[in-house]
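Survey of secondary and tertiary structure
One-letter residues, chain by chain:
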Amino acid sequence: GGIITQTPKFLIGQEGQKLTLKCQQNFNHDTMYWYRQDSGKGLRLIYYSITENDLQKGDLSEGYDASREKKSSFSLTVTSAQKNEMAVFLCASSKTQGYAEQFFGPGTRLTVL
Amino acid sequence: GDSVTQTEGPVTLSEGTSLTVNCSYETKQYPTLFWYVQYPGEGPQLLFKVPKANEKGSNRGFEATYNKEATSFHLQKASVQESDSAVYYCALRANSGTYQRFGTGTKLQVVP
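Please read all numbers here as calculations on a predicted model, not as lab measurements.

Moving on, we come to the packing of aromatic side chains. Applying the stated criterion to the full structure yields 16 aromatic pairs over all chains. Considering the side-chain rings of Tyr35 of chain A and Phe104 of chain A, the 5.6 Å spacing of their centres and the 40 degrees angle between planes classify their relative orientation as tilted. Of this pair, Tyr35 of chain A sits in strand β4 (residues 31-38) while Phe104 of chain A sits in strand β10 (residues 103-104), and the two are 69 residues apart along the sequence. Classification of Tyr35 of chain A as buried rests on a relative accessible area of 1%. We classify Phe104 of chain A as buried; its relative accessible area is 12%. Ring pairs connect the aromatic residues Tyr33, Tyr35, Tyr48 and Phe104 of chain A together with Phe34, Tyr36, Tyr89, Tyr99 and Phe102 of chain B, which therefore count as one cluster.

All names here are of chain A. Spatially, the four strands line up as an open sheet ordered β1-β3-β8-β7, and their pairing is antiparallel. What marks the edges here is a single partner per strand, and that holds for β1 (4-7) and β7 (64-70). Looking at each pair of strands side by side, their axes are set apart by 15 degrees on average, direction ignored. In the sheet, β7 pairs with strand β8 (residues 73-78) via five bridges, with the strands oriented antiparallel. What sits directly across from Tyr64, in β8, is Val78.

Criteria and cut-off values
- Residues numbered from 1 in each chain as written.
- Chains lettered and ligands numbered in written order.
- Predicted model: local features only at pLDDT ≥ 70, side-chain atom pairs only at ≥ 80, totals over all residues.
- Heavy atoms only, no water.
- Phe/Tyr/Trp six-rings, centres within 6.5 Å; stacked < 30°, edge-to-face > 60°.
- Helix = DSSP H or I, 4+ residues; strand = E, 2+ residues; numbered from the N terminus.
- Buried < 20%, exposed > 50% of the residue type's maximum accessible area, 1.4 Å probe, protein only.
- Pairing = 2+ DSSP bridges.
- Axes fitted to C-alpha atoms, helices over the stretch in contact; angles between N-to-C directions.

In structure tokens:
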């Protein structure tokens, strides 16, 4: 088995601030994902990475940057936090993209003041 | 593009009653279909997946049939328990798609 760790669990920032969320997985999975979860809107993909140093944009990439520094870690940066961005950000990984089961972390809850 | 539409929640049921969460999908490809469950304070986890049309998936008393003609994948359970209270997500991955696409989620609350 394995686990996905997301830090921090809660993140509070000021409007306009640059904020970074981190994700680590020990499944040795190739593909990692960042989703945003808003009530009533489900899971929307922000970025994904097929392998180390690869980055692919999802449906909601504007206002975000991502970085896959090594196979086990995937960071997401909110470039300029906005009040309407308060949501839960979920990191996930899968052995390969697409068909394989995705394993999710517990999430980071972002609050913008 | 690909899309998934599912029952809007929240849905409140009494323990022992039956559950149906509707899921319809749109794609021009041949998808693999998934149901995920998310318990409070946790990330979603796979309930089951079905890669082939007209086949059924099941786990923990939940089941769904991949109906290609109706483009549906409705989640059912004959008798829900309080521990089934969670958010349920339907998802698809088209065979030439690059990632899974999720529905908006259906929150289920089961009361004693």
